[in-house]
Amino acid sequence: MLMQKERELIVEYGIEMSGRGLSVGTSGNLSICDRATGYIAISPSGIDYFETRPEDVVIMDLDSRIIDGSRKPSSEWALHSEFYRRKPNIGAVVHTHSLYCTAFAVLGRKLQAVHYAIAGAGVAEIPCIPYYLFGSEELAKAAAEGCGDGMAVLLGNHGLVACGVDIASAFSLAENCEYVAKLQYLSTSIGKPNLLTEEEMARAIERFKSYGQDADLKQET
Ligand SMILES: [Zn+2]
């Protein structure tokens, strides 16, 4: 089976995404890009993560053609493709509707440096783009552009996109973003958080780089 390992990883991380509460029902989607072939393995549309089998994962190319698979690809395939086209250094994209990230996206508010864990995105703040129709070319373009030099972006009234060199790091970043969003929500609801300074964030970002996009970055680090 073409891209068998990547297809299995999509199934595995889809279950993780649902199991860890980063997506509700069939919401959210994920993909892995093999840069050698330019092929993308992407989760299928509308199939429960716990029911998805490797053969349900769809293989597409960067010109949006379906290469293999009998299922419909995720409705956000254009979003995933656009990120791979714009960011040649990434190998995976995770899109979630995780609750706290989406709450800030509903407000049109960026995630701020309430905790150094945000440095996993390579920037001090996670920007938020305006609302665009899900599955649209407009959303794909605005998200990839709005992400800037960082590895994550909030989609207005919609959710989060997190990228990484591989699926483990993209997934870890999505989890870290949700952690930071939850912390920002909690801290702003009881007071005015002390934000980390630009200088502190620059140091944290450098430290993260020396971990080499650590796929296993957890809160305790
Ligand atoms: Zn979505």
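Up top is the structure.
How each quantity is defined
Residues numbered from 1 in each chain as written. Predicted model: local features only at pLDDT ≥ 70, side-chain atom pairs only at ≥ 80, totals over all residues. Heavy atoms only, no water. Salt bridge = Lys/Arg side-chain N within 4 Å of Asp/Glu carboxyl O. Helix = DSSP H or I, 4+ residues; strand = E, 2+ residues; numbered from the N terminus. Axes fitted to C-alpha atoms, helices over the stretch in contact; angles between N-to-C directions. Left-handed = near helix turned anticlockwise from the far one by under 90°. Contact = heavy atoms within 4.5 Å. Nonpolar A, V, L, I, M, F, W, Y, C, P; charged D, E, K, R; others polar. Core = buried A, V, L, I, M, F, W, Y, C linked by side-chain atoms within 4.5 Å. Buried < 20%, exposed > 50% of the residue type's maximum accessible area, 1.4 Å probe, protein only. Pairing = 2+ DSSP bridges. Phe/Tyr/Trp six-rings, centres within 6.5 Å; stacked < 30°, edge-to-face > 60°.

Chemist: Could you give an account of the pattern of salt bridges, with specific residues and numbers?
Modeler: Within the structure shown, the criterion is met by 15 salt bridges. A salt bridge links Lys 110 to Glu 125, with the nearest nitrogen and oxygen atoms 3.3 Å apart. Residue Lys 110 is found in the loop between helix H3 (99-107) and strand E6 (128-129), and its partner Glu 125 is found in the loop between H3 and E6; the two are separated by 15 residues along the sequence. Overlapping salt bridges bring together Glu 82, Arg 85, Arg 86, Glu 137 and Lys 141 as one network.

Chemist: Help me get a handle on the packing of helix H2 (residues 77-86) against helix H4 (residues 137-146), residues and values and all.
Modeler: The contact between H2 and H4 brings their axes to 8 Å, and the two run at 35°. As H2 runs across H4, the sense of the crossing is right-handed. Along the contact surface, H2 presents Ala 78, Leu 79, Glu 82, Phe 83 and Arg 86, while H4 presents Glu 137, Leu 139, Ala 140, Lys 141, Ala 143, Ala 144 and Glu 145. Tallied by class, the residues present in the contact of H2 with H4 amount to 7 nonpolar, no polar and 5 charged.

Chemist: Tell me about the nonpolar core, and name the residues and values.
Modeler: With 65 residues, the main nonpolar core has Phe 83 and Leu 111 as its most contacted residues. For this core, the element with the highest residue contribution is helix H5 (residues 167-190), accounting for 9 residues.

Chemist: Please provide a residue-by-residue account of the pairing of strand E8 (residues 159-164), values included.
Modeler: Counting buried positions along E8 gives 6 out of 6 residues, so the element sits mostly inside the fold. Of the pairings in the sheet, the one linking strand E5 (residues 92-96) to E8 comprises 5 bridges and is antiparallel in character. Paired with His 95 across the strands is Val 161, a residue of E8. Pairing between strand E7 (residues 152-155) and E8: 4 bridges, direction antiparallel. Across the sheet, residue Val 153 finds its bridge partner in E8, namely Val 161. Two successive antiparallel strands, E7 and E8, enclose a turn made up of 3 residues, where Asn 157 displays a positive phi of approximately 50°.

Chemist: So what's going on with the environment of Arg 207? Which residues, and what values?
Modeler: Structurally, Arg 207 can be placed in helix H6 (residues 198-210). For Arg 207 and Leu 196, which are 11 residues apart along the polypeptide, the C-alpha to C-alpha distance reads 15 Å.

Chemist: With reference to specific residues and values, describe the packing of aromatic side chains.
Modeler: One pass over the structure, following the stated rule, counts 3 aromatic pairs. For the ring pair Tyr 100 and Tyr 185, a centre distance of 5.5 Å and an interplane angle of 65° mean the geometry is edge-to-face. Note that Tyr 100 is positioned in helix H3 and Tyr 185 in helix H5, a separation of 85 residues in sequence.

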